[in-house]
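Results of the structural survey
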Amino acid sequence: MKFFIDTANLAQIQEAQDLGVLDGVTTNPSLMAKEGITGKEAILQHYKNICEIVDGDVSAEVIATDFQGMIREGEELYALCPQQIVVKIPMIKEGIKAIKYFTDRGIRTNCTLVFSAGQALLAAKAGATYVSPFIGRLDDISTDGLSLIEDIRQIYDNYSFETEILAASVRHTMHIMECAKIGADVITAPLSAILGLLKHPLTDAGLAQFLADYNKGNK
(Lines give C-alpha, C1' and ligand atoms only; values in the text may rest on other atoms or scores of the structure.)
Protein backbone atom coordinates (compact mmCIF):
# COMPACT_ATOMS: atom_id res chain seq x y z
CA MET A 1 0.00 0.00 0.00
CA LYS A 2 1.27 3.45 -0.89
CA PHE A 3 1.54 6.12 1.80
CA PHE A 4 0.70 9.71 0.85
CA ILE A 5 0.70 12.60 3.29
CA ASP A 6 -2.27 14.97 3.23
CA THR A 7 -0.90 18.41 3.98
CA ALA A 8 0.62 21.56 2.53
CA ASN A 9 3.10 21.92 5.40
CA LEU A 10 6.60 21.62 3.95
CA ALA A 11 8.20 20.65 7.28
CA GLN A 12 5.77 17.76 7.74
CA ILE A 13 6.28 16.65 4.15
CA GLN A 14 10.05 16.69 4.68
CA GLU A 15 9.71 14.69 7.91
CA ALA A 16 7.59 12.05 6.17
CA GLN A 17 10.05 11.93 3.27
CA ASP A 18 12.96 11.49 5.66
CA LEU A 19 11.15 8.57 7.31
CA GLY A 20 11.65 6.69 4.05
CA VAL A 21 8.09 5.43 3.52
CA LEU A 22 6.47 8.35 1.68
CA ASP A 23 5.10 7.69 -1.80
CA GLY A 24 3.38 10.99 -2.51
CA VAL A 25 1.45 14.05 -1.36
CA THR A 26 -2.13 15.23 -1.59
CA THR A 27 -3.26 18.73 -0.75
CA ASN A 28 -6.15 21.07 -1.46
CA PRO A 29 -7.07 24.77 -1.25
CA SER A 30 -8.13 24.45 2.40
CA LEU A 31 -4.78 22.91 3.40
CA MET A 32 -2.96 25.58 1.39
CA ALA A 33 -4.87 28.35 3.17
CA LYS A 34 -4.08 26.74 6.54
CA GLU A 35 -0.39 27.31 5.76
CA GLY A 36 -1.04 30.90 4.65
CA ILE A 37 -0.61 30.02 0.96
CA THR A 38 -3.12 32.09 -1.00
CA GLY A 39 -3.20 33.55 -4.50
CA LYS A 40 -2.51 31.74 -7.75
CA GLU A 41 1.21 32.42 -8.05
CA ALA A 42 1.93 31.49 -4.44
CA ILE A 43 -0.04 28.24 -4.79
CA LEU A 44 1.74 27.27 -8.01
CA GLN A 45 5.13 27.96 -6.43
CA HIS A 46 4.15 25.92 -3.38
CA TYR A 47 3.36 22.92 -5.58
CA LYS A 48 6.81 23.27 -7.13
CA ASN A 49 8.35 23.38 -3.66
CA ILE A 50 6.53 20.18 -2.71
CA CYS A 51 7.75 18.44 -5.86
CA GLU A 52 11.32 19.33 -4.93
CA ILE A 53 10.96 17.55 -1.57
CA VAL A 54 9.24 14.31 -2.57
CA ASP A 55 10.03 11.71 -5.19
CA GLY A 56 6.47 10.52 -5.85
CA ASP A 57 3.12 11.81 -7.05
CA VAL A 58 1.77 15.21 -5.98
CA SER A 59 -1.97 15.75 -6.39
CA ALA A 60 -2.65 19.36 -7.39
CA GLU A 61 -6.29 20.46 -7.33
CA VAL A 62 -8.16 22.57 -9.86
CA ILE A 63 -10.46 25.28 -8.55
CA ALA A 64 -12.71 25.65 -11.60
CA THR A 65 -15.94 23.68 -11.85
CA ASP A 66 -16.55 24.17 -15.57
CA PHE A 67 -14.96 21.93 -18.20
CA GLN A 68 -12.86 24.57 -19.96
CA GLY A 69 -11.69 26.03 -16.68
CA MET A 70 -10.62 22.62 -15.36
CA ILE A 71 -8.73 21.91 -18.58
CA ARG A 72 -6.95 25.26 -18.46
CA GLU A 73 -5.99 24.93 -14.80
CA GLY A 74 -5.12 21.26 -15.09
CA GLU A 75 -2.73 21.80 -17.97
CA GLU A 76 -1.06 24.63 -16.08
CA LEU A 77 -0.63 22.47 -12.99
CA TYR A 78 0.66 19.53 -15.02
CA ALA A 79 3.27 21.76 -16.68
CA LEU A 80 4.81 22.53 -13.28
CA CYS A 81 6.30 19.03 -13.07
CA PRO A 82 4.90 16.53 -15.61
CA GLN A 83 6.65 13.56 -13.95
CA GLN A 84 4.99 14.14 -10.57
CA ILE A 85 1.87 16.27 -10.83
CA VAL A 86 -1.46 14.42 -10.78
CA VAL A 87 -4.37 16.73 -11.63
CA LYS A 88 -7.02 16.57 -8.93
CA ILE A 89 -10.55 16.83 -10.37
CA PRO A 90 -13.86 17.00 -8.46
CA MET A 91 -16.48 14.27 -8.89
CA ILE A 92 -19.00 16.23 -10.94
CA LYS A 93 -20.32 15.83 -14.47
CA GLU A 94 -17.84 18.31 -15.94
CA GLY A 95 -15.14 16.68 -13.88
CA ILE A 96 -15.72 13.28 -15.47
CA LYS A 97 -15.46 14.90 -18.89
CA ALA A 98 -12.20 16.56 -17.84
CA ILE A 99 -10.79 13.26 -16.53
CA LYS A 100 -11.50 11.64 -19.89
CA TYR A 101 -9.85 14.58 -21.68
CA PHE A 102 -6.70 14.29 -19.58
CA THR A 103 -6.65 10.49 -19.81
CA ASP A 104 -6.67 10.67 -23.60
CA ARG A 105 -3.62 12.96 -23.44
CA GLY A 106 -1.61 10.91 -20.98
CA ILE A 107 -2.10 13.30 -18.06
CA ARG A 108 -2.77 11.51 -14.77
CA THR A 109 -5.75 12.45 -12.61
CA ASN A 110 -7.11 12.02 -9.10
CA CYS A 111 -10.91 12.11 -8.87
CA THR A 112 -11.71 13.71 -5.51
CA LEU A 113 -14.77 14.14 -3.29
CA VAL A 114 -16.02 10.61 -3.99
CA PHE A 115 -18.70 9.32 -1.61
CA SER A 116 -20.32 6.41 -3.45
CA ALA A 117 -19.34 3.30 -5.39
CA GLY A 118 -21.26 4.61 -8.41
CA GLN A 119 -19.13 7.73 -8.49
CA ALA A 120 -15.99 5.59 -8.25
CA LEU A 121 -17.22 3.45 -11.14
CA LEU A 122 -17.70 6.51 -13.37
CA ALA A 123 -14.24 7.81 -12.47
CA ALA A 124 -12.66 4.48 -13.41
CA LYS A 125 -14.59 4.36 -16.68
CA ALA A 126 -13.23 7.81 -17.54
CA GLY A 127 -9.70 6.58 -16.84
CA ALA A 128 -8.83 8.27 -13.54
CA THR A 129 -5.43 7.29 -12.18
CA TYR A 130 -6.69 7.57 -8.61
CA VAL A 131 -10.14 7.78 -7.05
CA SER A 132 -10.39 9.39 -3.62
CA PRO A 133 -13.27 8.21 -1.40
CA PHE A 134 -13.47 10.40 1.72
CA ILE A 135 -13.91 7.84 4.47
CA GLY A 136 -13.59 10.18 7.44
CA ARG A 137 -16.29 12.51 6.20
CA LEU A 138 -18.63 9.55 5.77
CA ASP A 139 -17.88 8.44 9.31
CA ASP A 140 -18.78 11.97 10.45
CA ILE A 141 -22.37 11.47 9.25
CA SER A 142 -22.73 7.98 10.77
CA THR A 143 -21.98 6.17 7.50
CA ASP A 144 -19.31 3.47 7.32
CA GLY A 145 -16.56 4.92 5.18
CA LEU A 146 -14.57 1.69 5.18
CA SER A 147 -17.46 -0.24 3.65
CA LEU A 148 -17.25 2.10 0.68
CA ILE A 149 -13.62 1.09 0.18
CA GLU A 150 -14.71 -2.56 0.22
CA ASP A 151 -17.43 -1.92 -2.39
CA ILE A 152 -15.08 -0.06 -4.71
CA ARG A 153 -12.42 -2.78 -4.32
CA GLN A 154 -14.92 -5.45 -5.35
CA ILE A 155 -16.12 -3.50 -8.39
CA TYR A 156 -12.61 -2.67 -9.58
CA ASP A 157 -11.48 -6.26 -9.13
CA ASN A 158 -14.55 -7.56 -10.98
CA TYR A 159 -13.62 -5.63 -14.10
CA SER A 160 -9.84 -5.24 -13.73
CA PHE A 161 -9.96 -1.45 -13.58
CA GLU A 162 -6.47 0.03 -13.22
CA THR A 163 -7.69 3.03 -11.24
CA GLU A 164 -6.12 2.99 -7.77
CA ILE A 165 -8.25 3.43 -4.64
CA LEU A 166 -6.81 6.32 -2.66
CA ALA A 167 -8.45 6.37 0.76
CA ALA A 168 -8.78 10.03 1.73
CA SER A 169 -9.99 11.87 4.81
CA VAL A 170 -8.08 9.33 6.87
CA ARG A 171 -8.26 10.53 10.47
CA HIS A 172 -6.22 8.10 12.56
CA THR A 173 -3.95 5.07 12.62
CA MET A 174 -6.78 2.52 12.75
CA HIS A 175 -8.17 3.94 9.51
CA ILE A 176 -4.80 3.14 7.93
CA MET A 177 -4.77 -0.42 9.25
CA GLU A 178 -8.33 -1.15 8.20
CA CYS A 179 -7.69 0.25 4.72
CA ALA A 180 -4.67 -2.05 4.44
CA LYS A 181 -6.78 -5.06 5.40
CA ILE A 182 -9.50 -4.40 2.82
CA GLY A 183 -7.15 -3.60 -0.03
CA ALA A 184 -6.95 0.16 -0.54
CA ASP A 185 -4.10 0.88 -2.94
CA VAL A 186 -3.16 4.14 -1.27
CA ILE A 187 -3.92 6.04 1.92
CA THR A 188 -3.42 9.75 2.36
CA ALA A 189 -3.21 10.79 5.97
CA PRO A 190 -1.87 13.46 8.29
CA LEU A 191 1.64 12.93 9.61
CA SER A 192 0.29 12.12 13.09
CA ALA A 193 -1.65 9.11 11.78
CA ILE A 194 1.38 7.77 9.91
CA LEU A 195 3.67 8.20 12.92
CA GLY A 196 1.03 6.50 15.07
CA LEU A 197 1.94 3.22 13.38
CA LEU A 198 5.29 3.37 15.17
CA LYS A 199 3.79 3.33 18.63
CA HIS A 200 3.21 0.41 20.96
CA PRO A 201 3.59 0.43 24.75
CA LEU A 202 5.34 -2.94 24.76
CA THR A 203 7.97 -1.60 22.35
CA ASP A 204 8.59 1.35 24.68
CA ALA A 205 8.70 -0.89 27.75
CA GLY A 206 10.98 -3.42 26.08
CA LEU A 207 13.41 -0.76 24.90
CA ALA A 208 13.48 0.85 28.34
CA GLN A 209 14.26 -2.54 29.91
CA PHE A 210 17.02 -3.27 27.39
CA LEU A 211 18.64 0.09 28.07
CA ALA A 212 18.31 -0.31 31.84
CA ASP A 213 19.92 -3.75 31.73
CA TYR A 214 22.73 -2.49 29.50
CA ASN A 215 23.46 0.43 31.79
CA LYS A 216 23.65 -1.90 34.82
CA GLY A 217 26.59 -3.64 33.23
CA ASN A 218 28.38 -0.42 32.37
CA LYS A 219 28.40 1.20 35.81
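Residues numbered from 1 in each chain as written. Predicted model: local features only at pLDDT ≥ 70, side-chain atom pairs only at ≥ 80, totals over all residues. Heavy atoms only, no water.

It is worth spelling out the overall build of the protein at this point. Per the secondary structure count, the protein includes 11 helices and 8 strands. The contacts of the protein with a sequence gap of at least 6 include a subset with a gap of at least 24, amounting to 57%. As displayed, the protein has an accessible area near 11000 Å², and 53% of this comes from carbon and sulfur atoms. Both charge centroids of the protein, one from 19 positive and one from 28 negative side chains, sit 2 Å from each other. (Helix = DSSP H or I, 4+ residues; strand = E, 2+ residues; numbered from the N terminus. Contact = heavy atoms within 4.5 Å. Areas by Shrake-Rupley, 256 points an atom, 1.4 Å probe, with all protein chains shown as cover. Lys, Arg positive; Asp, Glu negative; His and termini not counted. Charge placed at Lys NZ, Arg CZ, Asp CG, Glu CD.)

Time to look at a negative patch on the surface. Residues D139, D144, E150 and D151 make up a contiguous surface patch of negative charge. Here D144 lies in the loop between α7 (135-140) and α8 (145-159). With a relative accessible area of 44%, D144 lands in the partly exposed category. (Patch = residues over 30% accessible without salt bridge, like charges linked within 9 Å, V, L, I, M, F, W, Y side chains within 5 Å. Salt bridge = Lys/Arg side-chain N within 4 Å of Asp/Glu carboxyl O. Buried < 20%, exposed > 50% of the residue type's maximum accessible area, 1.4 Å probe, protein only.)

The next subject is the packing of aromatic side chains. Considering all chains together, one arrives at 6 aromatic pairs under this definition. Both rings, one in Y156 and one in F161, keep their centres 5.6 Å apart while their planes meet at 70°; by these two values the pair is edge-to-face. When its relative accessible area of 1% is taken as the criterion, Y156 is described as buried. With 6.3 Å between their ring centres and 55° between their planes, Y159 and F161 make a pair best called tilted. Among the aromatic side chains, those forming a connected cluster through ring pairs are F67, Y101 and F102. (Phe/Tyr/Trp six-rings, centres within 6.5 Å; stacked < 30°, edge-to-face > 60°.)

On the surface, a cluster of nonpolar side chains totalling about 260 Å² of accessible area is made up of L19, V21 and L198. Along the chain, the position of V21 falls in the loop between α1 (10-19) and β2 (24-26).

For the rest of this paragraph, the subject is the pattern of salt bridges. Applying the stated criterion across every chain yields a total of 11 salt bridges. In this structure, K88 and E61 form a salt bridge, with 3.7 Å as the shortest nitrogen-oxygen distance. Of this pair, K88 sits in strand β4 (residues 85-90) while E61 is found in strand β3 (residues 57-61), placing the two residues 27 residues apart along the sequence. The class of K88 is buried, set by a relative accessible area of 4%. What you see here is one network of salt bridges that share partners, running through R153, D157 and D185.

A separate point is the layout of surface pockets. Computed from the structure, the largest pocket encloses a volume of approximately 320 Å³. Lining the largest pocket are 18 residues, and of these D6, N28, L31, R137 and S169 sit closest to its centre. Broken down by secondary-structure element, the contributors of at least two residues to the lining of the largest pocket are α2 (29-34) and β5 (109-114). Residues of the lining of the largest pocket, tallied by class, amount to 6 nonpolar, 8 polar and 4 charged. Volume-wise, the second largest pocket comes out at about 200 Å³. Lining the second largest pocket are 14 residues, and of these K40, I43, L44, I63 and E73 lie nearest its centre. Breaking the lining of the second largest pocket down by element, the ones donating at least two residues are α2, α3 (40-53) and α4 (67-80). The element that contributes the greatest number of residues to the lining of the second largest pocket is α3, accounting for 4 residues. Looking at the lining of the second largest pocket residue by residue, the class counts come to 8 nonpolar, 2 polar and 4 charged. (1 Å grid on protein atoms, 1.4 Å probe; cavity = no way out; pocket = protein on both sides within 12 Å on 5 of 7 lines; lining within 4 Å. Points joined across faces, edges and corners; volume = space filled by probe spheres on them. Nonpolar A, V, L, I, M, F, W, Y, C, P; charged D, E, K, R; others polar.)

Further remarks concern the sheet that holds β5. Within a sheet, each strand pairs with its neighbour through backbone hydrogen bonds, oriented either parallel or antiparallel. Taken in spatial order, the 8 strands close into a barrel running β1-β2-β3-β4-β5-β6-β7-β8, and their pairing is parallel. Neighbour-to-neighbour, the strand axes of this sheet turn through a mean angle of 30°, independent of strand direction. Of the strand pairs in this sheet, β3 and β4 are connected by 4 bridges, and their pairing is parallel. Its bridge partner being in β4, A60 is matched across the sheet by V87. Against the sheet, α4 engages β3 and β4, with an angle of about 160° to β4. (Pairing = 2+ DSSP bridges. Axes fitted to C-alpha atoms, helices over the stretch in contact; angles between N-to-C directions.)

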